[in-house]
Amino acid sequence: LYSCCLSFTRGLLKAHNLNRIFTLFYTLGLPVWSPYLEPARLWTGMLERVMHRDGQQLIPVPTQIGRCQFINDLRKEEIKFALDIMKNNLTVSAA
C-alpha cells in the first residue's frame, strides 16, 4: 500500500486505482497503517537498499493495477506525504 501511495503522490497511479486498492485492503480486513511506518525508518531502509543495488534506489511502484515502474529519485518529503495518506486512511479525489 505504501508503494501505491508513493506512486499516487508522483501522479503515476490514478486516484480511482488507489481508491480501489484501499477498498481491497478494507474488504480483506488488511491493515492500512502500522506504527512502525515512520519517515526516518523508511528513509534509512531506502539508504540501505541503495548500498545493495549499485547506488540506485530501484523502487517498484504501481502505475496501474498489474503494472509498475521503478523510481530512482525518491525524496524524504515524498515519504511523509505518502504516509499521511495511509495514516489518515484518506480516500483521494479524482480531481
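Calculation rules
The residue numbering used here restarts from 1 in each chain and proceeds along that chain's sequence as written. Under the rules for a predicted model, residues below a pLDDT of 70 receive no local features and side-chain atom pairs below 80 are neither given nor counted, while totals for whole chains, interfaces and linings still include all residues. Based on all heavy atoms of the structure, the side-chain values leave hydrogens and waters out of the count. Helix and strand assignments follow DSSP, with helices taken as H or I runs no shorter than four residues and strands as E runs no shorter than two, numbered in order from the N terminus. Within these notes, the globule rule equals 2.2 Å times the number of residues to the 0.38 power, and the radius of gyration is based on C-alpha atoms. When accessible area is computed with a 1.4 Å probe and restricted to protein chains, residues below 20% of their type maximum are described as buried, those above 50% as exposed, and intermediate ones as partly exposed. Contacts are assigned to residue pairs that have any heavy atoms within 4.5 Å of one another. Only four residue types enter the charge count, namely Lys and Arg as positive and Asp and Glu as negative; His and the chain termini do not. To locate a charge, take atom NZ for lysine, CZ for arginine, CG for aspartate or CD for glutamate. To form a nonpolar core, buried Ala, Val, Leu, Ile, Met, Phe, Trp, Tyr and Cys residues must be joined to one another through side-chain atoms within 4.5 Å. Axis definition: a line fitted to C-alpha atoms, over the contacting stretch in the case of helices. Angles run 0 to 180 degrees between N-to-C directions. Left-handed is the label given to a crossing in which the near helix is rotated counterclockwise from the far helix by less than a right angle, and right-handed is the label when the rotation is clockwise. Gly is put with the polar residues, along with every residue not named as nonpolar or charged; the nonpolar set is Ala, Val, Leu, Ile, Met, Phe, Trp, Tyr, Cys and Pro, and the charged set is Asp, Glu, Lys and Arg.

Q: Mind laying out the overall build of the chain, listing which residues take part and the relevant values?
A: Assigned secondary structure in the chain consists of four helices and two strands. Secondary structure elements of the chain, listed N to C terminal, follow the sequence α-α-α-β-β-α. Against the globule reference of 12 Å for 95 residues, the chain gives a C-alpha radius of gyration of 13 Å, in line with a compact fold. Its C-alpha atoms give the chain principal-axis dimensions of about 40 × 30 × 25 Å. For the chain, the residues scored as buried account for 33% of the 95 residues in total. Expressed as a percentage of contacts within the chain between residues at least 6 apart in sequence, the contacts between residues at least 24 apart total 61%. Charge centroids of the chain, computed over 11 positive and 7 negative side chains, lie 7 Å from each other.

Q: Describe the environment of Met-86, naming the residues involved and giving the relevant values.
A: With respect to the secondary-structure elements, Met-86 resides in helix α4 (residues 76–87). It is 9.0 Å that separates the C-alpha atoms of Met-86 and Phe-22, two residues lying 64 residues apart in sequence. Setting aside residues up to four positions removed in sequence, Met-86 forms contacts with Leu-1, Tyr-2, Cys-5, Phe-22, Val-32, Trp-33 and Leu-37.

Q: I'd love a proper account of helix α1 (residues 2–9), names of residues and values included.
A: With respect to burial, α1 is a largely interior element, six of its eight residues being buried. Every buried residue belonging to α1 is among Tyr-2, Cys-4, Cys-5, Leu-6, Ser-7 and Phe-8, and all of these are buried. Contacts from the buried residues of α1 go to α2 (15–28), α3 (39–51), β1 (59–64) and α4. A positive backbone phi angle near 80 degrees is found at Gly-11, which sits one or two residues after α1.

Q: So what's going on with the nonpolar core? Which residues, and what values?
A: In terms of nonpolar packing, the biggest core is built from 25 residues, with Leu-1, Tyr-2, Cys-5, Leu-18, Phe-22 and Leu-74 touching the most fellow members. Elements that contribute at least two residues to this core include exactly α1, α2, α3, β1 and α4. Excluding its chain neighbours within four sequence positions, the residues that come into contact with Leu-1 are Ile-21, Phe-22, Phe-25, Val-32 and Met-86.

Q: Tell me about the packing of α1 against α4, residues and numbers included.
A: Orientation of α1 relative to α4, taken along the N-to-C sense of each, is 115 degrees, at an axis distance of 9 Å. Judged by the sense of rotation from one axis to the other, the crossing of α1 with α4 is right-handed. Between α1, through Tyr-2, Cys-5, Leu-6, Phe-8 and Thr-9, and α4, the contact on the second element is made entirely by Glu-78, Ile-79, Phe-81, Ala-82, Leu-83, Ile-85 and Met-86. Considered class by class, the residues forming the contact of α1 with α4 number 10 nonpolar, one polar and one charged.

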